[in-house]
Amino acid sequence: MPAEVAPGVFVFTARSYATTTTVVAGESGGCLVIDAAVSVGDLAAIASFLSARGLRPVAGWANHRIAASCAVSEEARLTAWAAMGGEYRVLFNGVEVDRFAGAVPVPAPGGPAILFLGRHERRKGLDVLLEAFGRARWAPDGPGPVLWVAGDGPETARLRQRYGHLPGVEWLGVIDDDEVPARLAAAAVLCAPSLGGESFGMVLLEGMAAGCAVVASDIPGYRAAAGDHAGLVPPGNAAALAG
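Since this is a predicted model, take the numbers as computed values, not measurements.

What counts and how
- Residue numbering note: each chain is counted from 1, following its sequence as written.
- Totals for whole chains, interfaces and linings use all residues, but because this is a predicted model, local features are given only for residues with pLDDT of at least 70 and pairs of side-chain atoms are given and counted only at 80 or more.
- Excluding hydrogens and water, the side-chain figures rest on all heavy atoms present in the structure.
- A run of DSSP states H or I qualifies as a helix once it reaches four residues; a run of E qualifies as a strand once it reaches two. Both are numbered from the N-terminal end.
- Between buried and exposed lies partly exposed: a residue is buried under 20% and exposed over 50% of the maximum accessible area for its type, with that area taken using a 1.4 Å probe on protein chains only.
- In what follows, residue pairs with any heavy atoms lying within 4.5 Å of each other are defined as contacts.
- Using the Shrake-Rupley algorithm and a 1.4 Å probe, accessible areas are obtained, with residue cover drawn only from the displayed protein chains.
- Nonpolar core, defined: a set of buried Ala, Val, Leu, Ile, Met, Phe, Trp, Tyr and Cys residues in which side-chain atoms within 4.5 Å join the residues together.
- In this description, a line fitted to the C-alpha atoms serves as the axis of each element, helices being fitted only across the stretch in contact, and the angle between N-to-C directions of two axes falls anywhere from 0 to 180 degrees.
- Here the word oblique covers every angle except those under 35 degrees (roughly parallel), over 145 (roughly antiparallel) and from 65 to 115 (roughly perpendicular).
- All residues other than Ala, Val, Leu, Ile, Met, Phe, Trp, Tyr, Cys, Pro, Asp, Glu, Lys and Arg, Gly among them, are scored as polar; the first ten of these are nonpolar and the last four charged.
- When a carboxyl oxygen of Asp or Glu lies within 4 Å of a side-chain nitrogen of Lys or Arg, that pair is called a salt bridge.
- On a range of 0 to 100, pLDDT expresses the predictor's confidence in each residue.
- Side-chain rings of Phe, Tyr and Trp (the six-membered ring for Trp) are treated as a pair once their centres are within 6.5 Å; stacked means planes under 30 degrees apart, edge-to-face means over 60, and tilted covers the remaining angles.
- Placement of a positive charge over a ring is assigned whenever Lys NZ or Arg CZ falls within 6 Å of the ring centre and within 35 degrees of the normal to the ring plane.
- Being paired, for any two strands, means DSSP has found at least two bridges between them.

## Digging into the overall build of the protein chain
Broken down by element type, the protein chain carries ten helices and eleven strands. Counting across all 243 residues of the protein chain, residues that qualify as buried make up 43%. The contacts of the protein chain with a sequence gap of at least 6 include a subset with a gap of at least 24, amounting to 61%. When the accessible surface of the protein chain is split by element, carbon and sulfur atoms take 56% of a total near 12600 Å².

Structure, rendered in structure tokens:
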């Protein structure tokens, strides 16, 4: 967001994935840009840390040095306010539609593909998706569906041990930025089963741009991104996700 920046004034922007950007006017009038990845969970932890130590006034003082602040959703605005106070303008993310709509799909599997994209940590709900995939009853005629699991994380080994017996699950590991649109273009469904802590569902927009049907948890950040264009289910409910 453009803003006039005077010497010693900060600009704070909560962008996609809750990344923060601070612009500090330098001695010669130039700016030093510092990027630091700060998750929604980190901001919640900051709020708890400041409150426990009576340091919220310090954050309030710092906010007087901020020229302009914005957040990618109402959920992100509330999280940033809880952590540091201040006023934030909500500016939703956009998506490079052509990059996803024009992607060349990877070779399709035998049956319809369901795609999970994300870090393998409890908050992302992959455990719930794998349980739902194992519960679901598919049509007996024709090839069965395939669940593509992209990414990795602290839960990968445990989840592979627990659900490694499920037929149709393909563990892709970390995929690069060029493969993401190609996988989305080939998938029939993008599933985003996060339990919470999502400031904005950027991956939902990318899936819709690629032509995927989107099924996601009914949480504020995802509702803000999807509107009426995704199937939303209660977070953590494997039975509802299985349908």
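Having seen the structure, we can now continue with the description.
## Observations regarding the nonpolar core
One finds Leu115, Leu117, Trp148, Leu184, Leu190 and Leu204 to be the most contacted residues of the largest nonpolar core, which totals 27 residues. Looking at this core, the elements with two or more residues in it are β6 (113–117), β7 (146–150), α7 (179–186), β9 (189–192), α8 (202–209), β10 (213–217) and α9 (220–226). Considering every element that reaches this core, the biggest residue donor is α7, with four residues. Apart from the residues within four sequence positions on either side, Leu115 is in contact with Trp148, Arg183, Leu184, Ala187, Val189, Leu190 and Cys191. Membership of the second largest hydrophobic core comes to 19 residues, among which are Ile114, Leu129, Trp171 and Cys191.

## Some thoughts on the packing of helix α5 (residues 126–135) against helix α6 (residues 156–163)
At a closest axis distance of 11 Å, the pairing of α5 and α6 adopts a crossing angle of 10 degrees. For the element pair α5 / α6, the angle class is roughly parallel. Packed against α5, whose contacting residues are Leu126, Asp127, Leu130 and Glu131, the element α6 presents Arg158, Leu159, Arg162 and Tyr163 at the interface. Here the residues of the contact of α5 with α6 sort into four nonpolar, no polar and four charged.

## Remarks on the pattern of salt bridges
A full pass over the atoms with the stated rule returns eleven salt bridges. For Glu121, the salt bridge is made with Arg123, and the minimal N-O distance between the two is 3.2 Å. A relative accessible area of 22% means that Glu121 is categorised as partly exposed. Linking Glu155 and Arg158 is a salt bridge whose minimum nitrogen-to-oxygen distance equals 2.5 Å.

## As for the confidence of the model for the protein chain
On average, residues of the protein chain score 80 in pLDDT, and 73% of them are at 70 or above. Element-level pLDDT for the protein chain is lowest in strand β2 (residues 19–25), with a mean of 37, against a maximum mean of 98 in β9. Note that pLDDT drops below 50 for residues 1–41; the model gives that stretch 87 contacts with residues more than four away or on any other chain.

## Topic: the packing of aromatic side chains
For the structure shown, the criterion picks out one aromatic pair. A ring pair is formed by Phe92 and Phe200, whose centres lie 6.1 Å apart and whose planes are at 40 degrees; its orientation type is tilted. You can see Phe92 sitting in the loop between β5 (89–90) and α4 (97–101) and its partner Phe200 sitting in the loop between β9 and α8, a full 108 residues away along the chain. Lying across the ring of Trp148, Arg183 places its NZ or CZ 4.5 Å from the centre.

## With respect to the pairing of β9
Taken together, the two bridges between β6 and β9 define a ladder with parallel strand orientation. Across the sheet, the residue bridging to Ile114 is Val189, located in β9. Here β9 pairs with β10 via four bridges, running parallel. By the bridge assignment for β10, Ala192 is matched with Ala216.

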